[in-house]
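So you can see what is in the structure, the chains are spelled out below.
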Amino acid sequence: MRMTRLLRRRVLAVGLGSAVLIGLGAPAGQPASAATYPSWCRYSSRPVDRAAELLANRYLLSPHRIVTLPADPTWRENPLHDANWQFQYQAMRYVLDLFAAWNSTGVDAYRARALFLLHDWYVSNPRANPRSAYSWNDASTAFRAVVYACAADLTPMTTWLRNALLLHGRTLADPAFYVGIGNHALSQSIGLLEVGRVLGRRDWMTLARDRLNRLVLSSVDAQGVTNEQAAFYQTYNYVHYRLARSRLLAVGLSPGSGFARVDLMPRFLAQTALPNGEYEMIGDTEAVAIPSYPGTWTEFIATKGASGPTPPLVAAYADGYQFARTGWGTNRAFADETSIAIRWGPAPRTAHGHPDGTSVTLYAWGSRLLVGPGKYTFNSGSWRSFFTSRRANSVVTVDGLSWNRAASTTREGRVVTSTLVDVRLKTQGFAGVTQTRRITWSRRLGYMLVDDRAQSLVRHTYRQLWHLVNGANPRIGVSTVWTQRPRGNVLIRQLTGSPTLRVVTGATDPIQGWISYRYGQRVAAPVVQAIRTGTSVRYLTLIAPSEGAPDARVTNLRLTAGGYAVTITIGGRSERVIASGSAVSITPLN
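This part is about the environment of Gly106. You can see Gly106 is positioned in the loop between helix H4 (95–105) and helix H5 (108–124). Spatially, the C-alpha atom of Gly106 lies 40 Å from that of Val216, the residues being 110 residues apart in sequence.

To continue, consider helix H8 (residues 182–199). For H8, which comprises 18 residues, the first-to-last C-alpha distance of 26 Å matches the rise-based estimate of 26 Å (1.5 Å per residue) to within 8%. With 17 of 18 residues buried, H8 lies mostly within the body of the structure.

Another aspect to go through is H4. Burial of H4 is extensive: 9 of the 11 residues sit out of reach of the surface. Within H4, burial applies to Val95, Leu96, Asp97, Leu98, Phe99, Ala100, Ala101, Trp102 and Asn103. Looking at the packing, one finds that the buried side of H4 touches helix H2 (47–55), H5 and helix H6 (138–154). A positive backbone phi angle near 75° is found at Gly106, which sits one or two residues after H4.

Per the counting criterion, the structure on display carries 23 salt bridges. For the salt bridge of Arg197 with Asp153, the shortest nitrogen-to-oxygen distance reads 2.7 Å. Taken together, the residues Arg197 in helix H8 and Asp153 in helix H6 connect sequence positions 44 residues apart. Here Arg197 matches Asp153 in class, with each residue buried. Across the pair Arg487 and Glu547 runs a salt bridge whose closest N-O atoms are separated by 3.2 Å. Placement of Arg487 in the loop between strand E14 (480–482) and strand E15 (489–494) and of Glu547 in the loop between strand E21 (526–546) and strand E22 (552–560) is noted, with a sequence separation of 60 residues between them. One salt-bridge network, in which partners are shared between bridges, spans Asp153, Glu194, Arg197 and Arg247.

This part takes up the state of the cysteines. Counted under the stated rule, the structure contains 1 disulfide. The side chain of Cys41 participates in a disulfide bridge whose partner is Cys150; the two sulfur atoms lie 2.0 Å from each other. Because the sign of the S-S torsion sets the handedness, a value of about -95° for the bond joining Cys41 and Cys150 places this disulfide among the left-handed ones. Separated by 109 residues along the polypeptide, Cys41 in the loop between helix H1 (5–12) and H2 and Cys150 in helix H6 bring together distant segments of the chain. We note that Cys41, like Cys150, is buried.

What follows deals with the nonpolar core. Ranked by internal contacts, the top residues of the largest apolar core, which has 93 residues, are Tyr94, Val95, Phe99, Leu117, Leu118 and Leu165. The biggest single contributor to this core is H6, with 10 residues. If sequence neighbours within four positions are ignored, Phe99 has contacts with Tyr37, Arg111, Ala114, Leu115, Leu118, Ala151, Leu154 and Thr155. Listed in part, the 45 residues of the second largest apolar core include Val360, Trp365, Leu425 and Ile492.

All right, on to the side chain of Ser546 then. By secondary structure assignment, the location of Ser546 is in strand E21. A polar contact of 3.3 Å, which involves the side chain of Ser546, links it to the backbone oxygen of Gly548. Polar contacts involving the side chain of Ser546 include one to the main-chain carbonyl oxygen of Ala549, which spans 3.2 Å. Setting aside anything within four residues of it in sequence, one finds Ser546 in contact with Trp365, Gly488, Asn489 and Asp551.

Our focus in this paragraph is the side chain of Ser367. Examined against the element boundaries, Ser367 turns out to sit in strand E7 (residues 367–370). Judged by its relative accessible area of 8%, Ser367 falls in the buried class. Within the structure, the side chain of Ser367 is placed 2.8 Å from the side chain of Arg485, a separation counted as a polar contact. Once residues within four sequence positions are removed from consideration, Ser367 is found in contact with Val469 and Arg485.

This brings us to the packing of helix H7 (residues 159–173) against helix H9 (residues 202–219). One can describe the packing of H7 onto H9 by two numbers: an axis separation of 11 Å at closest approach and a directional angle of 35°. Viewed along their axes, H7 and H9 form a crossing whose handedness is left-handed. Contacts between H7 and H9 involve Leu165, Leu166, Gly169, Arg170, Leu172 and Ala173 from the first element and Trp204, Leu207 and Arg211 from the second. Across the contact of H7 with H9, the residue classes break down as 6 nonpolar, 1 polar and 2 charged.

Here we come to the sheet that holds strand E6 (residues 360–364). Taken in spatial order, the 5 strands of this open sheet run E3-E4-E5-E6-E7, and their pairing is antiparallel. Edge positions in the sheet fall to strand E3 (314–317) and E7, since each has one partner strand and no second. Neighbouring strand axes in the sheet, compared pairwise and without regard to direction, differ in orientation by 15° on average. The pairing of strand E4 (residues 321–325) with strand E5 (residues 339–343) spans 5 bridges and is antiparallel.

A cis amide bond links Ser62 to the next residue, Pro63, at an omega of 10°. Summarising the element assignment, Pro63 is placed in the loop between strand E1 (58–59) and strand E2 (67–68). Along the chain, Asp509 connects to Pro510 via a cis peptide bond; the corresponding omega equals 0°. Its location among the elements puts Pro510 in the loop between strand E17 (507–508) and strand E18 (511–512). A positive phi angle is found at Trp365, which is not glycine, with a value near 55°. Take Trp365: it is sitting in the loop between E6 and E7. A relative accessible area of 19% places Trp365 in the buried class.

Reading guide: rules and limits
- Counting of residues starts from 1 at the beginning of each chain's written sequence and follows it residue by residue.
- Where local features are concerned, this predicted model is filtered to residues with pLDDT of at least 70; where side-chain atom pairs are given and counted, the filter is 80 or more; whole-chain, interface and lining totals use all residues.
- The basis for every side-chain value is the complete set of heavy atoms in the structure, and neither hydrogens nor water enter the calculation.
- Where helices and strands are cited, they refer to DSSP runs of H or I of at least four residues and of E of at least two residues respectively, numbered from the N terminus.
- To estimate how far a helix should reach, multiply one less than its number of residues by 1.5 Å.
- Between buried and exposed lies partly exposed: a residue is buried under 20% and exposed over 50% of the maximum accessible area for its type, with that area taken using a 1.4 Å probe on protein chains only.
- Contacts are residue-level and defined by heavy atoms, with any inter-residue pair within 4.5 Å sufficient.
- The term salt bridge refers to a pairing of a side-chain nitrogen on Lys or Arg with a carboxyl oxygen on Asp or Glu at a separation within 4 Å.
- Disulfides are defined as pairs of cysteine sulfur atoms found within 2.5 Å of each other.
- What is meant by a nonpolar core is a set of buried Ala, Val, Leu, Ile, Met, Phe, Trp, Tyr and Cys residues, joined one to another through side-chain atoms within 4.5 Å.
- Two N or O atoms count as a polar contact when they lie within 3.5 Å, although within protein this holds only if one can serve as hydrogen donor and the other as acceptor, and sequence-adjacent residues are included solely when both atoms are side-chain atoms.
- As a rule, the C-alpha atoms of each element are fitted with a line to give its axis, helices using only the stretch in contact, and angles between N-to-C directions run from 0 to 180 degrees.
- Take the far helix as the reference: if the near one is turned anticlockwise from it by less than a right angle, the crossing is left-handed, and if turned clockwise, right-handed.
- Residues are grouped as follows: Ala, Val, Leu, Ile, Met, Phe, Trp, Tyr, Cys and Pro are nonpolar; Asp, Glu, Lys and Arg are charged; all remaining types, including Gly, are polar.
- Only strands that DSSP links by at least two bridges are regarded as paired with each other.

What follows is the structure in structure tokens.
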């Protein structure tokens, strides 16, 4: 459809329909005050700037660069050849910036462009023959339904707008279209609720409520942990479950008792934060600061302890997470504290979880030291496969065997005392191979001992992987690798024999040695590989962080079938570590 003056007049010359206007203090078709503008109809933080760009046919769909599209879209556009960009384009949330700009400035051109785009999309994308594979994607449909509902909130109803809303409502209500799991199901229910509200369809609103009440129980556990298995999506789900609850209440429907779990979600979110306030990159997560929610543990993290309730230093979650840190800035700067994160639990259940059971990450002295991979891209292909693979994490892999993505990792035991955190894990994700990993972390000195074992009836080559931060500049010794940064380093010392040590950085065939801190960006980063071959192999590895040059001494080492005993000395302070079966102790010697 061409955006002619006739079409503009048709879009603006509308009559009142039966839209339900909630929270608006101005008549339909007129700008609302800032106080009454519906919060659910906001998108970016700078709507006037974004709307001006859209009038010039320039689209900024974060995190992607801005692109110029035709004034009359075909809705087949995908200039960056990126699945996420294409999804956002079809979701049409950017149209909300046009409505918000119109509301704040009174410039009718913004509203006219918003309605043109919505009308043009609707007539161009029938369910049977849409312009894009993402036109009727489960989540893009959900987001776009809210945009159409906002159009009905902010402008008088027209025949085409009512028909577009009906089509979206019927689609979202269809049991075959509803995905029933994860944040996509959450967005679908919110979209259905809003469409039902503006059309006065109580049946759709009730269906949305029932789906939300079931979903929150299956998606958020009793500790407030979402099943997305990615730190960022803890925030995403928290924000959207809060929105869902407020919208249910706004239309007179009762959120189920499961919504009480939503109030616990910031606790887990705070634990996923590093001492510098950024997310630990668990699952599809970028290295950005966690948000602060007043009165929760996240406020304490964001303010570096200045305000908010104090979280515990050690926290475990049944869905497969162990977090621990040395302090809250009492003996050193807040951002210099040491923290670790350990993963186990079910296989990835949504698109955002990674096969990272038994992985461990480490932060100290203001820097990530052992790093998760990040998400990099949602485009299918070799790069997405790598960043969501076993070998992108600090685990033990097996040459020639593929990881079973349905495999889980079980926690066999956990001990927490005033001196240590000890976690024992087991997995069988490689066919015919049983792997165990025991991680014992010193709460006083911040080092960890990792006891890895693998058994099989046939010989295999095993690679123990340690993913280092980019710029780590590692140096290899006989049984030790240490990094050489101006500040924030780590020593990796093999205590059982001398496996073959090598460092891989930025390899492409096969892909190895990469980290992504932001979507669409990757950097080469070194990976330490400790290689052993056999039917039964064992690694006992010391991981010791250091502010400057690593300095750790190992004495009185004794290996046993069930564990080990060793003395670790760091910075002139010594500890005796004894691990045997399920028992473990760390005793300070000075």
